[in-house]
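Breakdown of the fold
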Amino acid sequence: MTETTGRLSAIGSLVRASDPDRFFCTLFAVPSRREALFALYAFNHELARVREVVSEPMLGEIRLQWWREALDGIAAGTPRRHDVVEALAANWESCDRALLDAMIDGRRADLAASPPLTLDALGDYGAATAGNLLRQAAGVLGMTHAGPDGSCGDAGRAMALSGVLRSTGALAQQGRTMLPAELLEPVRLEPRDILREEHRDRISGVVKAVCVRAEQHLRAARQARREVPEEAVPAFLPLAFAAHDLATLKRNGYNPFDPAFLNRSVGRQLSVLWRSLMGRF
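This section reports on the structure supplied with the text.

Calculation criteria
- Residues numbered from 1 in each chain as written.
- Predicted model: local features only at pLDDT ≥ 70, side-chain atom pairs only at ≥ 80, totals over all residues.
- Heavy atoms only, no water.
- Helix = DSSP H or I, 4+ residues; strand = E, 2+ residues; numbered from the N terminus.
- Rg over C-alpha atoms; globule rule 2.2 N^0.38 Å.
- Contact = heavy atoms within 4.5 Å.
- Areas by Shrake-Rupley, 256 points an atom, 1.4 Å probe, with all protein chains shown as cover.
- 1 Å grid on protein atoms, 1.4 Å probe; cavity = no way out; pocket = protein on both sides within 12 Å on 5 of 7 lines; lining within 4 Å.
- Points joined across faces, edges and corners; volume = space filled by probe spheres on them.
- Nonpolar A, V, L, I, M, F, W, Y, C, P; charged D, E, K, R; others polar.
- Expected span 1.5 Å × (residues − 1).
- Buried < 20%, exposed > 50% of the residue type's maximum accessible area, 1.4 Å probe, protein only.
- Core = buried A, V, L, I, M, F, W, Y, C linked by side-chain atoms within 4.5 Å.

Of the regular secondary structure elements, the protein holds 16 helices and 0 strands. Since a compact globule built from 281 residues should have a radius of gyration of about 19 Å, the 18 Å found for the protein is in line with a globular shape. Reported as C-alpha extents along the three principal axes, the dimensions of the protein are approximately 55 × 45 × 30 Å. Put simply, 69% of the contacts in the protein that link residues at least 6 apart link residues at least 24 apart. On the protein, roughly 13000 Å² of surface is accessible, and the fraction owed to carbon and sulfur atoms is 50%.

Once that is clear, we can look at the layout of surface pockets. Taken as a whole, the largest pocket encloses approximately 1000 Å³ of empty space. If you go around the largest pocket, you meet 34 residues; those closest to its centre are Arg22, Ala48, Arg107, Gly163 and Ser167. Only α2 (20–26), α3 (31–48), α4 (50–53), α8 (119–140), α9 (150–166), α10 (168–173) and α14 (238–251) provide two or more residues apiece to the lining of the largest pocket. Here the lining of the largest pocket gets 6 residues from one element, more than from any other, and that element is α9. For the lining of the largest pocket, the class distribution of residues is 13 nonpolar, 8 polar and 13 charged.

Turning to α8, a few remarks are in order. Each α-helix turn comprises 3.6 residues. Residues three or four places apart therefore point the same way. End to end, α8 covers 30 Å across 22 residues, agreeing with the expected 32 Å (1.5 Å per residue, within 8%). Judged by how many residues are buried, α8 sits mostly within the fold: 17 of 22 residues are covered. Two residues or fewer past α8, Gly142 is found with a positive phi of approximately 100°.

Right, let's get into unusual backbone geometry. Phi at Arg188 is positive, roughly 55°, even though this residue is not glycine. Along the polypeptide, Arg188 turns up in the loop between α11 (181–184) and α12 (200–223). One non-glycine residue, Tyr254, lies in the positive phi region at around 65°. Considering the arrangement of structural elements, one finds Tyr254 in the loop between α14 and α15 (259–262). Residue class for Tyr254 comes out buried when judged on its relative accessible area of 11%.

With that settled, the discussion passes to the nonpolar core. For soluble globular proteins, nonpolar side chains are generally found buried alongside one another. Ranked by size, the top nonpolar core spans 82 residues in total, and within it Phe43, Leu165 and Phe236 carry the most contacts. Setting aside chain neighbours within four positions, we find Phe236 in contact with Leu134, Ala138, Met143, Ser151, Cys152, Ala155, Val228 and Phe281.

Following this line, the structure appears as structure tokens:
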């Protein structure tokens, strides 16, 4: 949504379709910074979908390398002809190249044949992906001290863990999971077992452990709220979506297949709207 026309740009439309939660949160940002956020979130979507569009890990590595070289081209003033690359190039002065590279590196975990070994490793994945994305978004909105720890680190981990839980069913249909091996192995769960009705109690136990860890990061991020200047709050608002989802899971007995958890209800948006009006996340 631009200041000049009030109409949604092409890159904004892409984000609205691919990442509706972050699109909604961006609407609370100062209008002059929205296009930079849209470019960043579109870039994140391209990285997140790499595993979905390749048939083997090596092809995924090639695709991630393509994005590294695309960033090189932007930095050299010769951006590749690609909608997201061109959007990043148009907002390059707002970007932190090191964080963009770190986001690419973090996505290599998506290509692994096995899930993360531990909850800590899953949290590290969250810090490298959602956490670095948040640091970049906060920087776009003027937060000059968005480090890897504190509010950004915990918020990124909470958002990533919540996202992993939301994707449990979709990944299981592909024969994959991001649920940690240290939780799956004691209850003898393989990715192919996750969708089976007779294993729901065991699955719920694993989901509960991830949910509890995500809630710990959520509380820590909110306790560090004073670190975040008011103008940067929209970058953190996706955390309110994660909080809503975690609360829904807790109410439904940690069932990751419950439509009330999977659906993007109006209630989720209302919770974000309320927190934005209160200057919270």
